[in-house]
Amino acid sequence: MRAASIADVPGAQPRLAPWLFLSPFLLVFLVFTAYPLVQAMVLSLQQTFGPQHTRFVGLRNFQFLFSDPLFWTALRNTVVYSLGSLLIQLPLSLGLAMLLETPGLRGGRLYRVILFSPSLVGVSFAAMIFAVIFEKRTGLLNVALHRTIGWNLDFAWLERHVMPALIVASLWMWVGFNMTYFSAALKNVRRDLLEAAEIDGAGPWRRFLHVTIPEISPVAGFVVLLSMIGSFQLFELPYLLLNSTAGPGNRGMTIVLYLYQTGFENSDLGYASAIGWVLGLLLIVMTVFQRVLVRRSEAA
Amino acid sequence: MEAASLHPSFGVKVQRVTPAWVRHRLERLGLVATVTSPVVLAFALLSLASFTAMMVWPIPSREGKTMWLGAPPHFRMYEPMVAEWNKTHESRFRLVLLSQPALERRMLSAFTSGTPAADILEVERRPAARAFMGPLEGVGFVDLTDRLRVEGLLDELNGPSFTPWTSRGRTFGLPHDVHSVMLGYRADIVEAAGIDVSQIETWEDYFRIMKPLLQGPGSTQERYLLNLWETHGDHIELLLLQAGGGFFDPQDRPIIASEVNAHVLAKIISWCVGPDRVCGDAPNFMASGNRLKVEGYVLASFMPDWMCGIYRGEMPQLGGKLKLMPLPAWERGGRRTSVWGGSMIGISKSGVRTPEDFEKSWAFAKELYLSPSLARTLYEVGDIVTPVKSHWGDPIFDRPDAYFSGQPKGRMYLDLAPQVPARSSSPYNTMAWLRVADAATALASWARDNQKFDYVDILPEAKRVLAQAHGQVQAQIDRNVFLSDAAKSGGVP
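Residues numbered from 1 in each chain as written. Chains lettered and ligands numbered in written order. Predicted model: local features only at pLDDT ≥ 70, side-chain atom pairs only at ≥ 80, totals over all residues.

**Q** Is there a simple way to explain the overall build of chain A in this structure?
**A** Counting its secondary structure elements, chain A contains 13 helices and two strands. The C-alpha atoms of chain A give 25 Å as radius of gyration, which overshoots the globular expectation for 300 residues (19 Å, by more than 25%). The principal-axis extent of the C-alpha atoms belonging to chain A is close to 80 × 75 × 35 Å. Of all 300 residues assigned to chain A, the portion counted as buried reaches 31%. Relative to all contacts within chain A whose residues are 6 or more apart in sequence, the contacts with residues 24 or more apart total 67%. (Helix = DSSP H or I, 4+ residues; strand = E, 2+ residues; numbered from the N terminus. Rg over C-alpha atoms; globule rule 2.2 N^0.38 Å. Buried ≥ 20, exposed ≤ 12 C-beta atoms within 10 Å, placed from the backbone. Contact = placed C-beta atoms within 7 Å.)

Spelled out as structure tokens, the structure:
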């Protein structure tokens, strides 16, 4: 029996119904996404002191941006953090997922909960914890290392080694979270393929490289994309960890932190909008590049 | 349909909305089931009820005028005074305590976008300077210059206290404080070593005379002579100001790359880096820093008057172990103090609709900031000395303070008040502060990487990093089309 549809109602206008259903989303999208986007583009071409004092400055904000050493510092730090996250966090997440998917592992669920739980902690809370851990002279890390291997108590994590500190803090927060994606992907790896490869004489490494990796690549691609976008939007962790600053010598300055400082601390909304647009374009380019890579690997 | 008819006046077809018509339209769209679903109906009723409640609920009207402030100790001090004012005056005032960031956002939003603002605002130096970013007529505070002059307040209050609230020759606030700075040192350790601090006049004297108390890395109990580090932006600023440098000149032009700044920065870094460093890092406002201070990791710290209360509250163990002394000067006969922090009270333009409005707010602001009772409370509760010169004779300032080993610290701070350096109200203060802090960090890294720990070796690099910082701030100022306009009209260059 065929299900009744709108088209069955005599005199109904089915073309209107989807729009009616879409209208709440469209309204919210237009008001909170499309309009701010357009307004941000307009702002990026202006210099403002509140809405009552605005001047059109053309592309001068963008021109200044590309000659602004702070922007390049922020971009460099953001790329370093993103690569650090990508190259350390994701392999670690995958490794942990594989360990936890080992057949016959006892307490797997408990480990999974333990590893996942940091991601349930708010970023602000994590930042407070790590601010105490990374403190020099009295911080947990320096004191523990000092007592065990005679580490220098004055080792200034949050002064001269900000990026490693940020990467370590984000590892603690997100390794378990990404691990769950990989765990789910690993569960879907076809056992028959693995067994066939084993029968053909492939060792664990070759099975991992030629069976597991291709099988989980769609999920891996998705996790890589999410991590890159998340890394490029890094803000709260350095902001809170470094006491509302970009750290000594701007060593913790990220693009979004610079945007925030420019827009809300220097009240330069036009320049902040220009930074926002450049960040948006960077993310679009990265996403397209990643999609192309994934499609190519799928096609291969 | 019957419900449709022609409007008699305009001859257009007007549709009467009847339940039957609504049902018919919904049926045509296929939405009857959706709209008549109990869940949708429940949500619709809830929305309707909350909308009606919002419309009908009476919003309590607020009587009188409002004052925003961001410092909880000030709020506690002002509360009884405001209650007293409200009892004895026709105009009533209400205090609203906000967090500092909220106060800054709301103030800037009100000044630049016309959102509601308080009638009176108490703000700190850096947020206040942001209100001076645009054209002079765009500043949201009432210009008090003429009134201050007519009433003789420019002479009655400590002169340098006005400078952070004066932009392009116009003053927009009454100063709350002086905030002269002294050095708080561990008298228990210094006196046990037989050191007489009255022999100290310059920084050079200080480090030479105190040197026997230095216990560098490898000692059982490390001890450094001064709580100062390359990352202490506020300390660096106060030392620059003390030496006659700073970020901006009286016309708000950047002077970051000045000789005096380079000299001071090179000295600071030579004190903080290398195997023979004499300074240590015990950060303020942090438990870890407090612990280091209590342990005697640093022998002395910079103490503006307001810091005395913080020490007393956070490190009671140091009671009777500390003493204050004027800052050592940069050269013989030089300035023995500096300045750190500060607040003002200003009247918002949006709160002044009639001349009477201004008079009421002005009278209240003066009562709050200039009264002898506030001067006493300010000192008793917050250890802050008043900028009103006529109150400086109050014996309360001569009272010995047990926490500071019986010293009459109020009098000591007041004696230094006339020497407090002037500060700029440039809206680029925060940016300059950040860039100079970056310069200090870069210079310290350079010194460590190149193993150059001597002042003479560091000085050329200090000039280079400060020139870089200067260039960055200047570039931002040059971008500001509003300030350029002011320059054209003879305002800020």
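From this point, things continue past the structure.
**Q** How should I be thinking about the sheet that holds strand β9 (residues 181-186) of chain B in this particular structure?
**A** Backbone hydrogen bonds are what pair the strands of a sheet, in a parallel or an antiparallel way. Residues and elements named next belong to chain B. With antiparallel pairing, the three strands of this open sheet are ordered in space as β12-β9-β13. Pairing within the sheet leaves two strands with one partner each, and these edge strands are β12 (300-304) and β13 (322-326). On average, each strand axis in the sheet is inclined to that of its neighbour by 35°, with strand direction left out of account. Note: β9 against β13, five bridges, orientation antiparallel. Along β13, the bridge assignment pairs methionine 182 with proline 326. (Pairing = 2+ DSSP bridges. Axes fitted to C-alpha atoms, helices over the stretch in contact; angles between N-to-C directions.)

**Q** Mind showing me how you'd approach the nonpolar core here?
**A** In a soluble, globular protein the nonpolar side chains are often hidden away together inside. Judged by nonpolar contacts, the single largest core of 126 residues is most densely connected at Leu265, Ile268, Ile269, Ala440 and Leu443 of chain B. Top contributing element to this core by residue count: helix α18 (residues 429-450) of chain B, with eleven residues. In this structure, this core is formed jointly by two domains, domain 2 (65-175 + 341-370) and domain 3 (181-339 + 402-488) of chain B, each of which donates at least three residues. When neighbours within four sequence positions are excluded, leucine 443 of chain B is seen to be in contact with Leu265, Ile269, Ile458, Glu461, Ala462 and Val465 of chain B. One finds Ala74, Ala169, Met253 and Leu279 of chain A within the second-largest nonpolar core, a separate group that totals 38 residues. (Core = buried A, V, L, I, M, F, W, Y, C linked by C-beta atoms within 7 Å. Domains from an automatic or database assignment.)

**Q** I'm lost on the interface of chain A and chain B in this one. Help?
**A** Accessible area lost on assembly of the parts is the figure often given for the size of an interface. Contact residues are listed per partner, giving 29 residues for chain A and 27 residues for chain B. Here the side of chain A that touches chain B is composed, by residue class, of 13 nonpolar, eleven polar and five charged. (Nonpolar A, V, L, I, M, F, W, Y, C, P; charged D, E, K, R; others polar.)

Any functional reading would require information beyond the geometric quantities listed.
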